[in-house]
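Next come the chains, spelled out residue by residue.
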Amino acid sequence: MANARGIATLFGLLAALMTAGPAGAESALTITDDRGVTVEVPAQPKRIASISYFADDVALALGIKPVASTYMTAGREPEFLLGLTRDMKQIGQRAKPNLELLSQAKPDLIVAIRRYTVGNAPQLEKIAPYVAYNMELLDGSDREIAELSKILGKPERGIQLNKDFREHLADFTARAPKDVHPRFAIMWGGETPFAFHTENTAASIVAAIGGDNIAGKMTPGGEFGIDLSLETMLEKDPEVLFIYDSGPDRPHENNPIWQELSAVKNKRVFYVGDQWVETNGPIAREIVLREAAHYLYPDAFPAVDVKAEAARIIPAEAQK
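Residues numbered from 1 in each chain as written. Predicted model: local features only at pLDDT ≥ 70, side-chain atom pairs only at ≥ 80, totals over all residues. Heavy atoms only, no water.

Participant: Whenever I open this one, the pairing of strand 1 (residues 28-32) confuses me. Can you help?
Facilitator: The two faces of a sheet get side chains in turn, since along a regular strand they alternate between them. Going residue by residue along strand 1, you find Leu-29 and Ile-31 tucked away on one face and Ala-28, Thr-30 and Thr-32 left uncovered on the opposite face. Note: strand 1 against strand 2 (residues 38-42), five bridges, orientation antiparallel. By the bridge assignment for strand 2, Leu-29 is matched with Val-41. Counting the residues that bridge the hairpin from strand 1 to strand 2 gives five residues, and of these Gly-36 lies at a positive phi of roughly 85°. (Buried < 20%, exposed > 50% of the residue type's maximum accessible area, 1.4 Å probe, protein only. Helix = DSSP H or I, 4+ residues; strand = E, 2+ residues; numbered from the N terminus. Pairing = 2+ DSSP bridges.)

What follows is the structure in structure tokens.
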């Protein structure tokens, strides 16, 4: 009888251990995202869906491949992610994700850009735990990377990525010429261009290495960017322009004012890739820093091979 009780106790302990998982393992994490909403997420989720490239960027830098992603421009895989999103289920443009396709991907975690998804949060939450980040400003980037790295089970790697970037930013800033401060703008093209304020992540990086942003700083509580007419641009006369290239249509170039801008006259207009809009991830930040340094100071910093820089950060196992 005593042996039977002992065997039963042993089986009970084994069952408890199997249910609990490995020693020290957590079954879930509780976080508060940028909506101010408390979300319980699985510890070390295996099937990540990214609404924006931010989660793709962080996950790939950690050696993890998401299962689904939105895109910025249809049919174009981002070079700064080595085109690896081609292996993920495409779930629509980041501003209008297709929830049916998202559901088909069977994610166990959805990481989304806040401003495009708060309106359909209840539908997203029915599919999987959903966390949303602002993904707009440099002063939020370190926190967003650190938190998502923790969720994905690699907190030390997230801390190291942030440390590396801050060291690289300080190094580039120290090496940049001190006697020139080129006026610049980072903008979406269009009839009325939309330009980023200095607190925006990409603009903060350019400003940190000596650029003078014609769009200026944000107003307290305001948006991260501003509509900037070509008339206003001519008045402020940027010397370098970074334009997000989302397709063949460039209506701003048809305006006669365009040809009067110093950046245009001096051929210092640069049509840039997705990393200049989706800059808050660790890979995008590093590449924008290097590209910005070269474009502002071509004699001091070399041209950048985007894919080569990305390959330095993304572990080999995630590149397959």
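Following the structure, the description resumes.
Participant: Help me out: how do you make sense of the packing of helix 8 (residues 201-208) against helix 11 (residues 282-296) in this one?
Facilitator: The geometry of a pair of packed helices is captured by two quantities: the angle between their axes and the separation between those axes. Where helix 8 meets helix 11, the closest approach of the two axes is 9 Å, and the angle between their N-to-C directions is 45°. One way to sum up the angle between helix 8 and helix 11 is to call them oblique. Read as a crossing pair, helix 8 and helix 11 show a hand that is right-handed. For the pair helix 8 and helix 11, the contacting residues are Thr-201, Ala-202, Ile-205 and Val-206 in the first and Arg-285, Val-288, Leu-289, Ala-292 and Leu-296 in the second. Each residue belonging to the contact of helix 8 with helix 11 can be placed in one class, and the counts come to seven nonpolar, one polar and one charged. (Axes fitted to C-alpha atoms, helices over the stretch in contact; angles between N-to-C directions. Parallel < 35°, antiparallel > 145°, perpendicular 65-115°, else oblique. Left-handed = near helix turned anticlockwise from the far one by under 90°. Contact = heavy atoms within 4.5 Å. Nonpolar A, V, L, I, M, F, W, Y, C, P; charged D, E, K, R; others polar.)

Participant: Would you mind showing me how to read the pattern of salt bridges here?
Facilitator: Pairs may arise between side chains of opposite charge once their charged atoms sit close together. In this structure the tally under the stated criterion is 19 salt bridges. Between Arg-94 and Glu-278 there is a salt bridge whose closest N-O contact spans 2.9 Å. Placement of Arg-94 in the loop between strand 5 (89-93) and helix 3 (99-104) and of Glu-278 in the loop between strand 13 (269-272) and helix 11 is noted, with a sequence separation of 184 residues between them. Here the two residues Arg-94 and Glu-278 agree in accessibility, since each one is buried. For the salt bridge of Arg-250 with Asp-245, the shortest nitrogen-to-oxygen distance reads 2.8 Å. Through salt bridges with shared partners, a single network forms among Glu-286, Arg-290, Glu-309 and Arg-312. (Salt bridge = Lys/Arg side-chain N within 4 Å of Asp/Glu carboxyl O.)

Participant: Explain the environment of Arg-115 here, please?
Facilitator: When you line up the elements, Arg-115 lands in helix 4 (residues 114-117). In the structure, Arg-115 is positioned 94 residues away from Ile-209 in sequence and 29 Å away in space, judged by C-alpha atoms. In this structure Arg-115 touches Arg-94, Asn-134, Glu-136 and Phe-224, once residues within four positions along its chain are discounted. Reaching out from Arg-115, the side chain makes a polar contact with the side chain of Glu-136 at a distance of 3.0 Å. (Polar contact = N/O pair within 3.5 Å; in protein donor to acceptor, adjacent residues only side chain to side chain.)

Participant: Help me understand helix 2 (residues 54-61) in this model?
Facilitator: Given 3.6 residues per helical turn, the α-helix brings residues three or four places apart onto the same face. Counted residue by residue, helix 2 has eight buried out of eight residues, so it is predominantly covered. All of the buried residues in helix 2 are Phe-54, Ala-55, Asp-56, Asp-57, Val-58, Ala-59, Leu-60 and Ala-61. After helix 2 finishes, the residue Gly-63 shows a positive phi value of roughly 90°.

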